[in-house]
Amino acid sequence: MREKGYFVGIDVSKAFLDVAVALEGKSWRVSNDQAGIAHLVERLKAMSPEVVVLEASGGYEMLVVGAMGVANLPVARVNPRHVRDFAKASGRLAKTDKIDAFVLASFGEVMRPEVRPLKDEQSQELQALLTRRSQLVEMLISEKNRLGTCLEKRVRKDIMKHISWLKKRIEEVEKDLESRIKASPIWREKEAIMRSVPGVGPILSLTLLAELPELGTLSHKKISSLVGLAPFNCDSGKFKGKRRIWGGRAKVRTALFMATMAATRFNPIIRSFYQRLLLAGKPFKVAITACMHKLLIILNAMMHHRSLWLSRNST
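Remember, it's a predicted structure, so these values are computed and weren't measured experimentally.

(A) How the structure looks around the packing of helix α7 (residues 185–195) against helix α8 (residues 202–211). At their nearest, the axes of α7 and α8 sit 10 Å apart, and the two run at 135° to each other. Classified by the interaxial angle, the pair formed by α7 and α8 is oblique. In this structure, α7 meets α8 at a crossing whose hand is right-handed. On α8, the residues that touch Trp187, Lys190, Glu191, Met194 and Arg195 of α7 are Pro202, Ser205, Leu208 and Leu209. Within the contact of α7 with α8, the residues separate by chemical class into five nonpolar, one polar and three charged.

Right, here's the structure in full:
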């Protein structure tokens, strides 16, 4: 068998993994469990693929991604929207698990997605806790909304009881998150750097630790593109459209938005920049997005140089 040149696509579902190899025309299915994944990993190791491509599938892909990471197989998780756009552009409109696997394999061969290092176990646990906190907060908001429209006393009492329980659980999860950060010297240092910036609170610092481990290791252009804060032109001929942000990591942008809102009040650099944009007539959305971008670039530079906010002479 060839040592190089294999591009593998894996379509992930809850029960199965559909695997396809570009050009070879080969495909097969294994169960999405320990036994099936072990068999798949051994088969892929014998092929020495250039890249194994799969989509982010709501967590169902985590077991196989972890197993391939341990086996040092080059795996790339890609945005499902990018793959569907690629499929439409190449005229493949039909959709089955097997077809999707071949599309992913072709996507890997043509687009050559970047293979990034997998998160370590601690980062994955931190990410899971952050996700759980977000879920609890969403439930709390929903219950508060229900309480505002509910008139029946017994139901109101039940909702209030649930609200109390949710608040307690959120506090417990936040304490768990805090204890995990304190237990890691590396995370403690990174959090101290980020938290030294006015406007940056625990949610943003925790989100960046879990969702953006590349912070401080990439250029400002690459980190902006990764998060989805790099504006793209929308021009055609003489038409000059508005520049827009697109794609990226939504969880990071959400946390960055909330922190930036605080920074426009309490961070002198961001506040001055924000006010300057508003005076220039920029709409709120444009101004706040530019401030999010600036805050991200500042954090990226600080993490790269391992410098606290107070020790910085300029941005």
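(B) Geometry of empty space enclosed by the protein. The final tally for this structure, using the stated rule, is one cavity of 30 Å³ or more. Of the voids in this model, the largest cavity is the one considered here, and its volume is about 40 Å³. Contributing to the lining of the largest cavity are Met62, Val65, Arg77, Leu118, Lys119, Gln124 and Gln127. Of all the secondary-structure elements, those providing two or more residues to the lining of the largest cavity are α2 (62–70) and α5 (121–149).

(C) Structural context of the pairing of strand β3 (residues 26–31). Sheet topology places strand β2 (residues 16–21) next to β3; six bridges connect them, and they run antiparallel. Residue pairing across strands places Asp18 opposite Arg29, the latter belonging to β3.

(D) Expanded view of α7. Among the residues making up α7, those that are buried are Trp187, Glu191, Ile193 and Met194. Angularly, the buried residues of α7 cover 160° about the axis, an arc narrow enough to put them on a single face. Buried residues along α7 sit in contact with α5, α6 (153–182), α8 and α12 (284–305).

(E) Region of interest: unusual backbone geometry. With a phi close to 50°, Arg112 is a non-glycine residue in the positive phi region. You can see Arg112 is positioned in the loop between α4 (97–111) and α5. At Arg306, a position not held by glycine, the phi torsion is positive, near 55°. Mapped onto the elements of the fold, Arg306 is located in the segment after α12. According to the relative accessible area criterion, Arg306 is exposed, its value standing at 57%.

The rules behind the values
Residues numbered from 1 in each chain as written. Predicted model: local features only at pLDDT ≥ 70, side-chain atom pairs only at ≥ 80, totals over all residues. Heavy atoms only, no water. Axes fitted to C-alpha atoms, helices over the stretch in contact; angles between N-to-C directions. Helix = DSSP H or I, 4+ residues; strand = E, 2+ residues; numbered from the N terminus. Parallel < 35°, antiparallel > 145°, perpendicular 65-115°, else oblique. Left-handed = near helix turned anticlockwise from the far one by under 90°. Contact = heavy atoms within 4.5 Å. Nonpolar A, V, L, I, M, F, W, Y, C, P; charged D, E, K, R; others polar. 1 Å grid on protein atoms, 1.4 Å probe; cavity = no way out; pocket = protein on both sides within 12 Å on 5 of 7 lines; lining within 4 Å. Points joined across faces, edges and corners; volume = space filled by probe spheres on them. Pairing = 2+ DSSP bridges. Buried < 20%, exposed > 50% of the residue type's maximum accessible area, 1.4 Å probe, protein only. Arc of directions from axis to C-beta.

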